[in-house]
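Below, each chain spelled out in residue letters.
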Amino acid sequence: PRDIERRTGPLKVMAFISLHAALLFIALELIVPRGYFIDAEKTVHGLRIYIWFAIVFAAFTAYEFAIMKAFAFFQRKTGHIPVPPRLGNAFIESTLPTVIILLASYKWDPVLPLNSPMVFLYFIFITLSALRLDPKLCVFSGFISATEYFLVSMFSSAHDPLPGSIHALNLWWQFGKAMIILAAGFATAAVTHTIRDRIYRTTRRVAETAESFSRFVPHEFLTFLGKEHVEEVRLGDQVQREMTILFSDIRSYTSLSEKMTPQQNIDFLNSYLMSVGPVIRKNGGFIDKYIGDAIMALFPGDPDDALAAAQGIFRQLD
């Protein structure tokens, strides 16, 4: 579930932004008085331009929710999301600003959208691609955005500006802007790589810390407390259960240890504990603590489990 959340999190952000954009254009259409924005009065196939903007963003929102369902399906069925759907989704998201610019160019001066704030939509979607923590997708989004922007510039240059237009189009200038968009993709990829590397190292340290704690705090304790990780345990957490306790130590261990070197003592204890530990776990118990040569084991099930473990330890020792 956490991996699904990580994969679909960026899609939720995209859907949230596009939904609010759709609502914004609907509000502009319904609230702003007619004639207040001259450009908004222009129509495309019978619908005013702001309605078309709202339709595009609403359709994109629906698309993002559909992709979320598809990605979650892939994650549950195969454990990962194939590369082609991820690239296809990045391509469609990078194309949304292009659709908006082309739609605006349909009735407005073709040069005007290229010199408007609409171009910044490319940078927004490139930046949001960092949420996927995949540098390659960031570069891909930047490349698609830069390429489409320059192609739109060439399309606009083939159409004369509307009568009375004071705008001019310089393809070299637009090519430079496309290179900046591409550079934004590489910059976002570099930042994403750094963030992902830090997350990986932090996660690895947390995992190593949890593994170290598990040597001293049995995982069964966490299960009884209803915790998944030792970091979730707080001072005062407790649970009361009826269990059977098994104590076991080595007879005359003090006398034995005096005849051995420290290294021989360690090797002897390790050999002994490696033999009896599996017997305890096999019979439904777990070792609560090691007290020198002694063992304290807990059996949350039937008391006969502890008796069976004790008998098994004797057989293992023989």
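Shown above is the structure to which this text applies.
Here is a short report on the structure shown in this document.

What counts, and where the lines are drawn
- Residues numbered from 1 in each chain as written.
- Predicted model: local features only at pLDDT ≥ 70, side-chain atom pairs only at ≥ 80, totals over all residues.
- Heavy atoms only, no water.
- Helix = DSSP H or I, 4+ residues; strand = E, 2+ residues; numbered from the N terminus.
- Buried < 20%, exposed > 50% of the residue type's maximum accessible area, 1.4 Å probe, protein only.
- Areas by Shrake-Rupley, 256 points an atom, 1.4 Å probe, with all protein chains shown as cover.
- Axes fitted to C-alpha atoms, helices over the stretch in contact; angles between N-to-C directions.
- Left-handed = near helix turned anticlockwise from the far one by under 90°.
- Contact = heavy atoms within 4.5 Å.
- Nonpolar A, V, L, I, M, F, W, Y, C, P; charged D, E, K, R; others polar.
- Core = buried A, V, L, I, M, F, W, Y, C linked by side-chain atoms within 4.5 Å.
- Phe/Tyr/Trp six-rings, centres within 6.5 Å; stacked < 30°, edge-to-face > 60°.
- Parallel < 35°, antiparallel > 145°, perpendicular 65-115°, else oblique.
- Salt bridge = Lys/Arg side-chain N within 4 Å of Asp/Glu carboxyl O.
- Pairing = 2+ DSSP bridges.

**Let's talk about the overall build of the protein**
A count of helical and extended segments in the protein gives 10 helices and five strands. Each of the 318 residues in the protein was classed as buried or not, and the buried ones make up 38%. When the accessible surface of the protein is split by element, carbon and sulfur atoms take 65% of a total near 19,400 Å².

**Considering the packing of helix H9 (residues 262–282) against helix H10 (residues 303–317)**
Their axes nearest at 9 Å, the elements H9 and H10 cross at an angle of 145°. The handedness of the crossing between H9 and H10 comes out as right-handed. Where H9 abuts H10, its residues Tyr-272, Ser-275, Val-276, Val-279 and Ile-280 lie against Ala-309, Gly-312, Ile-313, Gln-316 and Leu-317. Tallied by class, residues from the contact of H9 with H10 come to seven nonpolar, three polar and no charged.

**Regarding the nonpolar core**
If you look at the biggest cluster of nonpolar residues, it comprises 38 residues, and the most contacted ones within it are Phe-53, Phe-57, Leu-96, Ile-100 and Tyr-149. Every element with two or more residues in this core is listed here: helix H1 (2–31), helix H2 (49–78), helix H3 (83–107), helix H4 (120–128), helix H5 (135–157) and helix H6 (171–214). The contacts of Tyr-149, once residues within four sequence positions are left out, are Leu-114, Val-119, Tyr-122, Gln-174, Lys-177, Ala-178 and Ile-181. Ile-250, Ile-280, Ile-295 and Ile-313 belong to the second-largest nonpolar core, a separate cluster that totals 16 residues.

**Some words on the packing of aromatic side chains**
Inspection of every chain in the model, using the stated rule, returns eight aromatic pairs. Both rings, one in Phe-60 and one in Tyr-63, keep their centres 6.0 Å apart while their planes meet at 35°; by these two values the pair is tilted. Placement of both Phe-60 and Tyr-63 in helix H2 is noted, with a separation of three residues, approximately one turn of the helix. Look at Phe-60 and you get buried, because its relative accessible area is 5%. We classify Tyr-63 as buried; its relative accessible area is 19%. An aromatic cluster of three or more residues is present, and its members are Phe-60, Tyr-63 and Phe-125.

**Section: the packing of H4 against H6**
One way to put it is that H4 packs onto H6 with a least axis distance of 9 Å and a crossing angle of 15°. By the angle class used here, H4 and H6 are roughly parallel. Helix-helix and strand crossings are classified by hand; for H4 and H6 the assignment is right-handed. The residues of H6 that touch H4, namely those facing Tyr-122, Phe-123, Ile-126 and Thr-127, are Ile-180, Ile-181, Ala-184, Gly-185 and Thr-188. The class makeup of the residues in the contact of H4 with H6 is six nonpolar, three polar and no charged.

**Details of the pattern of salt bridges**
Under the definition given, this model contains four salt bridges. Close ionic contact of Asp-134 with Arg-86 constitutes a salt bridge, the shortest N to O distance being 2.4 Å. Separated by 48 residues along the polypeptide, Asp-134 in the loop between H4 and H5 and Arg-86 in helix H3 bring together distant segments of the chain. Accessibility classification places Asp-134 together with Arg-86 in one group, the buried group. In this structure, the salt-bridge partner of Lys-227 is Asp-237, at a minimum N-O distance of 3.8 Å. Taken together, the positions of Lys-227 in the loop between helix H7 (219–225) and strand S3 (244–248) and Asp-237 in the loop between H7 and S3 put the pair 10 residues apart, joining distant regions of the chain. The exposure class of Lys-227 is partly exposed, given its relative accessible area of 25%.

**Looking at the pairing of S3**
Of the two faces of S3, the one lined by Thr-244, Leu-246 and Ser-248 is fully buried and the one lined by Ile-245 and Phe-247 carries no buried residue. As paired strands, S3 and strand S5 (residues 294–299) are joined by five bridges and run antiparallel to one another. Bridging across to S5, Phe-247 finds its partner in Met-296.

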